[in-house]
Amino acid sequence: MTTPPPGTTGAPADRDTRSVRLAGLVGRVADGDRQAFEELYDETAAIVHGTAVRVLRDPDLAADLTQDVMVEVWRTAARFDVTRGSVTAWVATMAHRRAVDKVRSVQAQRTRDEVAGIKDYVRPHDDVAETVEHSMERDRVEGCLGSLTDLQREAVMSAYYEGLTYREVAQDRGVALPTVKSRIRDGLNRLRECLGVDR
Amino acid sequence: MSDETRDLLGAWALDAVDDVERAAVERALRDDPQLADEARALKETVALIAVHGAVAPPASLRASVLDRIASEPQAGTVAPRRTTTRRGGARWLAVAAAFLVATGVPTVIAVQQSQRADQAQQQADQIADVLGRPGAQVVQADVTGGGRAVAVIADGAAVLTADDLPELDRRDYQLWVVADGDPVSAGVLDADGGSVTAQVGDVPDGSALAVTVEPVGGSEQPTTDPVVVLAAG
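Presented here is an overview of the structure given in this document. Because the structure is predicted, anything quoted here is derived from the model rather than measured.

Re the overall build of chain A
The helix and strand tally for chain A stands at nine helices and zero strands. A total of 199 residues make up chain A; the buried ones form 54% of that total. Residue pairs in contact within chain A that sit at least 24 positions apart in sequence constitute 71% of those at least 6 positions apart. Surface summary for chain A: the accessible area is close to 8,700 Å², and the carbon and sulfur share equals 51%.

Section: the side chain of R97 of chain A
Position of R97 of chain A among the secondary structure elements: in helix α4 (residues 87–105). The charged side chain of R97 of chain A is buried without a salt bridge, its nearest counter-charge being D101 of chain A at 4.2 Å. Other than its neighbours up to four places away in sequence, R97 of chain A contacts D15, R22, R170 and R171 of chain B.

A word on the packing of aromatic side chains
For the structure on display, the rule yields three aromatic pairs over all chains. For the ring pair F37 of chain A and W74 of chain A, a centre distance of 5.8 Å and an interplane angle of 80 degrees mean the geometry is edge-to-face. Remark: W74 of chain A occurs in helix α3 (residues 59–76) and F37 of chain A occurs in helix α2 (residues 34–56); sequence separation between them is 37 residues. R54 of chain A extends its terminal NZ or CZ atom over the ring of Y161 of chain A, reaching a point 5.5 Å from the ring centre. A cation sits over an aromatic face here: K43 of chain B above W12 of chain B, 4.9 Å from the ring centre.

A few points about the packing of helix α7 (residues 150–161) of chain A against helix α4 (residues 33–52) of chain B
Direction vectors running N to C along α7 of chain A and α4 of chain B enclose 80 degrees, while the axes themselves pass 12 Å from each other. Here α7 of chain A is positioned roughly perpendicular relative to α4 of chain B, judged by the angle of their axes. Residues V156, M157, Y160 and Y161 of chain A of α7 of chain A form the contact with α4 of chain B, whose own contacting residues are V46, I49 and A50 of chain B. Partitioning the contact of α7 of chain A with α4 of chain B into residue classes produces seven nonpolar, no polar and no charged.

Points about the sheet that holds strand β4 (residues 171–179) of chain B
Residue and element names in this part refer to chain B. Spatially, four strands are ordered β5-β4-β7-β8 in an open sheet, and the strand pairing comes out antiparallel. Because the sheet does not close on itself, it has two edges, and the strands there are β5 (182–188) and β8 (228–231). Between one strand axis and the next, the sheet turns through 30 degrees on average, direction left out of account. Where β4 meets β5, five bridges bridge the pair, whose relative direction is antiparallel. For V178, the partnering residue across the bridge sits in β5 and is P183.

Notes on the pattern of salt bridges
Taken as a whole, this structure holds 26 salt bridges over all chains when the rule is applied. Here R185 of chain A and D186 of chain A are joined by a salt bridge, their closest N and O atoms 3.3 Å apart. For R185 of chain A, a relative accessible area of 24% corresponds to the partly exposed category. As a salt-bridge pair, D19 of chain B and R22 of chain B come within 2.9 Å of each other at their nearest N and O atoms. Taken together, the positions of D19 of chain B and R22 of chain B, both in helix α3 (residues 19–31) and three residues apart, correspond to about one turn of that helix. Since its relative accessible area comes to 51%, D19 of chain B is described here as exposed.

A short note on helix α1 (residues 13–30) of chain A
Residues and elements named next belong to chain A. Its 18 residues give α1 an end-to-end C-alpha distance of 26 Å, which sits within 8% of 26 Å, the value for a rise of 1.5 Å per residue. Among the residues of α1, those classed as buried are D14, R15, R18, L22, L25, V26, V29 and A30. On an axial view of α1, the arc spanned by its buried residues comes to 140 degrees, and they lie on one face. Those residues of α1 that are exposed and angled more than 90 degrees off the buried face are A13 and V20.

Criteria and cut-off values
- Residues numbered from 1 in each chain as written.
- Chains lettered and ligands numbered in written order.
- Predicted model: local features only at pLDDT ≥ 70, side-chain atom pairs only at ≥ 80, totals over all residues.
- Heavy atoms only, no water.
- Helix = DSSP H or I, 4+ residues; strand = E, 2+ residues; numbered from the N terminus.
- Buried < 20%, exposed > 50% of the residue type's maximum accessible area, 1.4 Å probe, protein only.
- Contact = heavy atoms within 4.5 Å.
- Areas by Shrake-Rupley, 256 points an atom, 1.4 Å probe, with all protein chains shown as cover.
- Lys, Arg positive; Asp, Glu negative; His and termini not counted.
- Salt bridge = Lys/Arg side-chain N within 4 Å of Asp/Glu carboxyl O.
- Phe/Tyr/Trp six-rings, centres within 6.5 Å; stacked < 30°, edge-to-face > 60°.
- Lys NZ or Arg CZ within 6 Å of the ring centre and 35° of its normal.
- Axes fitted to C-alpha atoms, helices over the stretch in contact; angles between N-to-C directions.
- Parallel < 35°, antiparallel > 145°, perpendicular 65-115°, else oblique.
- Nonpolar A, V, L, I, M, F, W, Y, C, P; charged D, E, K, R; others polar.
- Pairing = 2+ DSSP bridges.
- Expected span 1.5 Å × (residues − 1).
- Arc of directions from axis to C-beta.

That is the geometry; function is a separate question.
Dropping the structure here:
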């Protein structure tokens, strides 16, 4: 572990700065500003694509999904409500829901490599063209993921990146349902505190 | 709210629950602001996992997306109007105003929705524009599940308004232009407060308008039966 967890002293300033900037961009996109959309694309498309690639594990499907989600961001920007969460959460939620819907609808879980999701998340991200803020955030998450127990981290990451329900995680790993639920809940709460996400 | 539902909050934030459980959690969130705050914080946390896992998309994708948005209308905003189709502006504006009154389309809600003072004017302009086209017809129908929809359909364009639509839970109303039985998406409808207004600029002759209930963000093709279909007679 190279990055110490930043503790529970609230959101880091760079995250707040980014949130405000992205919300401003979405406001301009809602007014049909294409220049603002290009900036927003550069800030968020990698988040969408990372989610799509990891959940779908198919470069073509992932590219299609990324494209669809980014067009949806353009289309529905007027409906973004900053009081309900950040732009990052809005975009990430949209991407993940779509990816998971796709995976579940084709029942592809069984044919996919079950451990790939876990391996993927520790893989270096040299291919990410990113802002300084983005890179700081990534380092923080890396550090905080390391503060979870192995079992918590495995439960959270496999639920997220394999598109599994917690029931499927339990079945897959041969673990009792309440155990999986508490690993996910405790793991996410620890991550939240470590990352300084306020309630 | 039950401890069982609270227990599911983490799995819910990761989309790791089934549809029934998701509905139960989201019902609980509506009734419990404190729980809703906790849920929001967990969603933000999960989003940071996604930031951590970011992967740059293929460079060619950027151009494809920009290309697509060039012709993609935005929900809750006004599509660019073809000025050549506007004629007799003042007269049609009067007709539009009468239409708004006659069909009970609440301009008050339109203003609240968009927080734009000129929204009512834009809405009237949209309707005037379509009413001014050859073959304009007004058609109306009840919406399955509640509410009423009214559309002006003319050569090349249509305006749809609907009121008293039921609130959807993690679903969106999506509008389709159906020509020769082939639905083409006209976008997700912004149904805050149960009212929608949408203008469609690309309506082939003889098309119908249909509204379906779709997963959040809409679908490529309809995944459910329409709750209303409006066709020019």
